[in-house]
Structure formats: structure tokens, C-alpha cells
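# Overview (structure and organization)
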Amino acid sequence: MKIAIIGLGFVGLSLASVLSANGTKVIGIDINKEKCKKISKGVTPFFEKDLEKTLQKGLKNKLEISHEVSRIKTCDYIFVTVGTPQKSDGSIELSMIKKVVSTIGDNLNKNQIIFIKSTVIPGTIKNSLLPILEKKSRMKAGKDFGLISNPEFLQESSAIKDTKFPHAVVLGGYKTKFMKKAEKFFSKLHPKTQIIVTNHQTAEMIKYANNSFLATKISFINQLSNICQNVPGANIDDIAKTIGLDPRIGKLFLNAGPGYGGSCLPKDMKALINFADRIGVKPTFLNEVEKTNQKQISNIISLLEKKLGNVNKKKITILGTSFKPETDDIRDSISIKLIRKLVEKGARITVHDPKAIENTKRVFLDKIEYNKSIIEALTKSQCAIIMTQWKEYSKINNNIIKKMKKKIIIDSRRILANKNIDADYQAIGIGID
Ligand code: UGA
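To keep things clear, this report deals only with the structure shown in the data block. Predicted, not measured: the structure shown is a model, and the values here were computed from it. (Residues numbered from 1 in each chain as written. Predicted model: local features only at pLDDT ≥ 70, side-chain atom pairs only at ≥ 80, totals over all residues. Heavy atoms only, no water.)

### Brief notes about the packing of helix α1 (residues 10-21) against helix α3 (residues 51-60)
Short version of the rule: Geometry is summarised by axes, namely lines fitted to C-alpha atoms with helices restricted to the contacting stretch, and by angles between N-to-C directions that run from 0 to 180 degrees. Numbering goes from the N terminus for both helices and strands, where a helix is a DSSP run of H or I of at least four residues and a strand is a run of E of at least two. Angular relationships are summarised with four words: roughly parallel below 35 degrees, roughly antiparallel beyond 145, roughly perpendicular across 65 to 115, and oblique for the angles in between. For a crossing to be left-handed, the near helix must be turned anticlockwise from the far one by less than a right angle; the clockwise case is right-handed. Two residues form a contact once any of their heavy atoms are found within 4.5 Å.
Relative orientation of the contacting elements α1 and α3 amounts to 50 degrees, with a least axis distance of 7 Å. Comparing their axes, α3 and α1 come out oblique. Classified by chirality, the crossing of α3 by α1 is left-handed. On α3, the residues that touch Leu13, Ser14, Ser17, Val18, Ser20 and Ala21 of α1 are Leu51, Thr54, Leu55, Lys57 and Gly58.

Written out as C-alpha cells, the structure reads:
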């Protein structure tokens with residue numbers, strides 16, 4: 001058994017590392033030669049808990065890294081995990097995946113199975129990818145080779161755990177001998193996980209359903225948190241915790257905050273909205289979820305301006321630039337959007353993040369200040385805004401706060417809500433008495 005994985009981002013590199021660490025023969029393929037070089041040396045191109053050690057274990061087990069897609073020739077299974085970035089109208093860019101699939105077609109052998117893990121809108125596999133593969137390979141899908149949609153549900157910051165123990169495995173495609181083989185492979189790999197076998201377009205839609213529901217939960221709790229913020233004494237966390245006890249609701253993804261960010265939820269929401277619009281279904285509800293998310297940042301800015309007035313030339317500290325803790329990823333991070341807006345307003349921004357400073361520097365260069373320590377970041381600051389739920393920020397105490405010029409803290413994640421701090425403390429979702 002030999003497996004090729006094309007596209008070594010969070011999904012592809014995690015899968016390649018986990019499978020090879022378990023002893024499966026794997027070739028990890030990425031067109032970026034620099035990235036390949038780094039990975040071959042056991043260095044991950046981004047920070048992800050447990051990934052580096054899993055990769056190094058995989059490399060010891062002869063995980064091969066290559067930039068040539070033609071290397072798929074000798075593999076039984078081919079996983080496609082390349083990105084499908086967002087276009088300006090919200091739809092997804094398919095050129096990268098089409099190019100990869102075309103090269104796969106050129107090199108395809110009989111009985112190979114291709115799994116599409118990349119997120120694509122319903123109909124893409126059947127209407128766009130399958131015809132390319134059949135034309136290029138001069139073979140028939142379902143008869144000569146397998147083509148299966150296999151969406152991924154891993155979260156950044158728990159990518160390795162999620163790759164090893166997914167909550168579900170979805171296999172979309174025709175019910176052929178290839179599907180039977182795929183079912184067998186996944187049931188051996190994840191004996192405790194339910195496998196859902198369906199058609200291509202349903203599998204593609206499941207991915208969007210999953211992410212848009214998560215986005216919905218977040219916008220729901222954010223809207224409630226905005227109501228609570230205006231009810232003296234109300235606390236959104238107690239509300240979320242309690243409704244989460246109702247099994248029909250569930251406790252996860254009910255943490256109010258500055259809005260959802262990252263490379264997936266915002267992109268998938270926009271792609272689904274764009275798709276629904278194109279096929280003539282008005283996505284009114286999804287539109288509201290997205291709008292609620294986009295408006296959430298103004299909640300933070302108005303709290304800030306209520307406290308400081310005009311922010312021009314004022315030193316403001318942003319704590320956390322990654323889109324969530326335990327990652328250095330700042331893609332579509334709300335914190336980055338906030339910094340941009342505050343820089344436009346003339347504020348002097350100083351930032352701290354335990355992992356994402358290097359990525360943040362690439363965006364703002366010398367327009368803002370960067371700090372390695374929280375104390376340094378807060379010294380002489382007129383206001384601190386906590387944007388990311390890094391556990392480091394729960395250690396902020398009065399000794400640190402006293403270094404500030406004005407002791408104003410805006411906590412978008414309520415990390416310090418239960419601490420006895422000597423500051424003008426404002427938090428999203430907490431109504432101040
Ligand atoms: C998301 C999904 O959770 C994964 O299941 C999916 O596989 C992935 O997208 C993808 O499509 O590839 P991820 O982007 O890693 O994963 O991040 P999440 O953990 O979903 O967080 C997204 C955003 O929502 C973050 O900004 C986070 O701070 C925010 N969030 C999350 C909240 O504000 N409140 C919550 O309760 C949960």
C-alpha cells in the first residue's frame with residue numbers, strides 16, 4: 001500500500017505525517033520546492049501542536065517528500081489536499097485543483113483511487129474534476145479508477161488529534177468496487193468512527209453544512225452577547241454554559257468573541273452564499289450570519305472610543321493576533337482587521353502574540369510595534385484589547401496592569417472576567433453594573 005498526498009498545508013501535511021508515522025508508505029507532494037526542502041528536514045512550515053514530532057517520526061519511517069505530481073504513478077491512493085482560495089466575489093478559485101487533477105490524469109494508472117479532500121462546492125467533482133480526469137487518462141471513473149469526495153473536518157490547533165480521530169468519515173461517489181475498498185481502508189484506519197457513504201454532491205455539501213452551522217452558532221452567541229452587554233450584570237458565559245447543557249444545543253462553539261476568523265469559516269460561508277445566489281436560492285439566513293460576524297468588530301471599536309475618545313496618537317495594545325490560540329495563523333484574523341482599522345484612525349498600535357508575531361510583521365512591517373513580553377506591550381499603554389484566547393493572558397495581574405498609562409482593558413474573550421483586577425474592565429458579553 002502506497003499513498004500520495006498532494007498539497008502539504010494543514011490538512012495534507014497532517015495526513016501525510018500521521019499515516020507515515022503509523023508505518024504506511026507515503027509520498028507527500030507540494031509544488032513549492034522551498035516548502036518541500038523544509039519538510040524533508042523535519043521542519044514544519046507553520047506551527048501546529050504535535051505536527052513536527054509526528055512528521056519527524058514519519059520521515060524516519062521513510063516518508064518521501066517531492067514537488068513532482070507525476071510521482072503518484074506508483075501509488076494506490078491519491079489524496080488531493082490543495083487549497084481552494086477565495087475570489088473577490090466569494091466564489092472559490094479552482095485553477096490550482098484543476099491543474100493538479102489534470103496532472104494526475106496524465107499519470108493515472110488503472111485501479112488507483114483519488115480522494116478529493118479540498119473543499120469544493122457541490123457539483124465540482126462531478127462536473128469539473130471528473131471530466132478532466134477521464135479526458136486526460138482516457139479511462140472511465142468508477143470502472144477503471146475511483147474518484148471519491150472525502151471532506152476534512154480537522155481544526156487547526158488540534159490537527160493531529162483530529163486526523164487520528166475524526167468525528168466522521170464521509171465518502172462521496174458511486175457505489176463501485178473502489179468505494180468498497182475505500183470503506184475498508186477507512187474502517188481499518190478509524191475503527192471507532194462512523195463512515196457515511198453518499199454521492200459526490202452530498203459529500204461536498206456536508207462540508208459546507210458543517211462549517212456554516214459552526215459559524216451560525218458563533219454569530220448566534222455573539223448577537224446574544226451584544227444584548228447581554230447592554231443588560232447590567234448579565235454574563236454571556238453563564239448563559240452559554242447553561243444552554244450548552246441541553247443536549248439539543250450542545251456546549252461547543254458557544255464562546256462569544258470578536259467574530260469568527262481563520263482560513264475556513266469566513267471563506268466557506270462566502271462560497272456557500274455565492275453558490276446559493278448563483279443557483280437562485282436567496283441565502284437570507286446565511287447572509288445574516290455573515291453580516292453579524294462582520295459587524296462584531298465595531299462592538300470593540302465603540303467600546304474603545306467610549307473609553308478613550310479619539311484614538312489618534314494613543315498607544316493601544318493588542319493582545320493576540322492569531323485567529324485562535326495554539327496557532328501562528330493570522331489568515332482572516334479579526335485581530336488583524338482591528339489593527340488595520342485602528343492604524344487608519346492614527347492609533348499607535350503595539351502587539352503581543354506568543355506565536356504569530358513573525359506573520360504579523362509581514363503584514364504591518366514598521367507601521368506598528370511588536371513585543372516579546374506582555375509587560376513590555378502593556379507599559380505606558382492607554383488601553384489593552386485581548387483578542388485571542390491565549391492562556392498566557394489569563395496571567396495578567398495588577399502588577400502588570402499598573403505599568404499601563406490608563407488602566408483600561410477590553411476583553412473580547414472574557415479571559416480576565418473572574419480575576420480581581422484593578423482596571424476599568426470592559427468585556428464583550430458582560431453588562432457592566
Ligand atoms: C474550522 C472548523 O472548525 C473545522 O471543523 C474545519 O475542518 C475547518 O474550519 C476547515 O474547514 O478546514 P478552524 O478554521 O481551524 O476550523 O477554526 P475553528 O476552531 O472553527 O475557529 C474558527 C473561528 O471561530 C476562530 O476565529 C475562533 O476564535 C472562532 N470561534 C470558535 C469563536 O469565536 N467561538 C467559538 O465558540 C468557537
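That covers the picture; the talk isn't over yet.
### Focus: the site of the ligand
Heads up, the rule is: The rule for a residue being near a molecule or strand is that one of its heavy atoms must lie within 4 Å of it. Here a polar contact is taken to be a pair of N or O atoms separated by no more than 3.5 Å, where protein atoms must pair a possible hydrogen donor with a possible acceptor and residues adjacent in sequence count only if both atoms sit in side chains. Only the protein chains shown count as cover for residues, and the accessible areas themselves come from Shrake-Rupley with a 1.4 Å probe. The residue classification treats Ala, Val, Leu, Ile, Met, Phe, Trp, Tyr, Cys and Pro as nonpolar and Asp, Glu, Lys and Arg as charged. All others, Gly included, are polar.
By nearness alone, 20 residues border the ligand, and Leu154, Gln155, Glu156, Lys207 and Asn211 come closest of all. Between the ligand and glutamine 155, the relevant distance is 2.8 Å, taken from an oxygen atom to a side-chain nitrogen or oxygen of the residue. Asparagine 211 is positioned such that a nitrogen or oxygen atom in its side chain is 2.7 Å from an oxygen atom of the ligand. Contact with the protein chains hides 92% of the accessible area of the ligand, taken as 720 Å² for the molecule alone. Looking at the shell around the ligand, the elements that each hand over two or more residues are α8 (200-229) and α10 (265-278). In terms of residues, the shell around the ligand owes the most to one element, α8, which gives four residues. For the shell around the ligand, a count of residues per class yields ten nonpolar, four polar and six charged.

### A short note on the pairing of strand β12 (residues 383-386)
What counts here: For the exposure calls, accessible area comes from a 1.4 Å probe over protein chains only, and a residue counts as buried if that area is under 20% of its type's maximum, exposed if over 50%, partly exposed in between. When DSSP finds two or more bridges between two strands, those strands count as paired.
Taking every second residue as pointing to the same face, both faces of β12 are buried, with Cys383 and Ile385 on one and Ala384 and Ile386 on the other. Note that strand β9 (residues 315-319) and β12 share four bridges and pair parallel. Each bridged residue has a counterpart across the sheet, and for isoleucine 318 the counterpart in β12 is isoleucine 385. Two strands pair when backbone bridges link them, and β12 and strand β13 (residues 408-411) are joined in this way by three bridges, in the parallel orientation. Note on β13: the bridge partner recorded for alanine 384 is isoleucine 409.

### A few points about empty space enclosed by the protein
Applied cut-off: Cavity and pocket criteria rest on a 1 Å grid covering protein atoms alone: a 1.4 Å probe that fits but cannot get out defines a cavity, protein on both sides within 12 Å along at least 5 of 7 lines defines an open pocket, and an atom within 4 Å of a point defines a lining residue. Grid points are joined across faces, edges and corners, and a volume is the space filled by probe spheres set on the points.
Summed over all chains, the structure comprises two cavities of 30 Å³ or more. Taken as a whole, the largest cavity encloses approximately 60 Å³ of empty space. Around the largest cavity, the lining residues are Leu130, Ala141, Gly142, Gly146, Leu147, Ile148, Tyr174, Thr176, Phe178, Met179 and His200. Among the secondary structure elements, those contributing two or more residues to the lining of the largest cavity are β6 (146-149) and α7 (177-189). If you tally residues by element for the lining of the largest cavity, the top one is β6, at three residues. A class-by-class count of the residues in the lining of the largest cavity yields seven nonpolar, four polar and no charged. Its volume calculated, the second largest cavity comes out at about 50 Å³. Around the second largest cavity, the lining residues are Ile116, Ser118, Thr119, Val120, Ser149, Asn150, Pro151, Ala203, Glu204 and Lys207. The leading source of residues in the lining of the second largest cavity is α8, at three residues.

### Describing the sheet that holds β9
Across the sheet, six strands lie side by side as β11-β10-β9-β12-β13-β14; this open sheet has parallel pairing. Looking at strand neighbours, the two that pair on one side only are β11 (369-371) and β14 (424-427), the edges of this open sheet. Going from strand to strand, the sheet's axes swing by 20 degrees on average, the running direction of each strand aside. The strands touched by helix α11 (residues 284-308) within the sheet are β9, β12, β13 and β14, with β13 carrying the most contacts at an inclination of about 170 degrees. Packing of helix α13 (residues 357-364) onto the sheet brings it into contact with β10 (348-352) and β11, and relative to β11 it is tilted by some 175 degrees.

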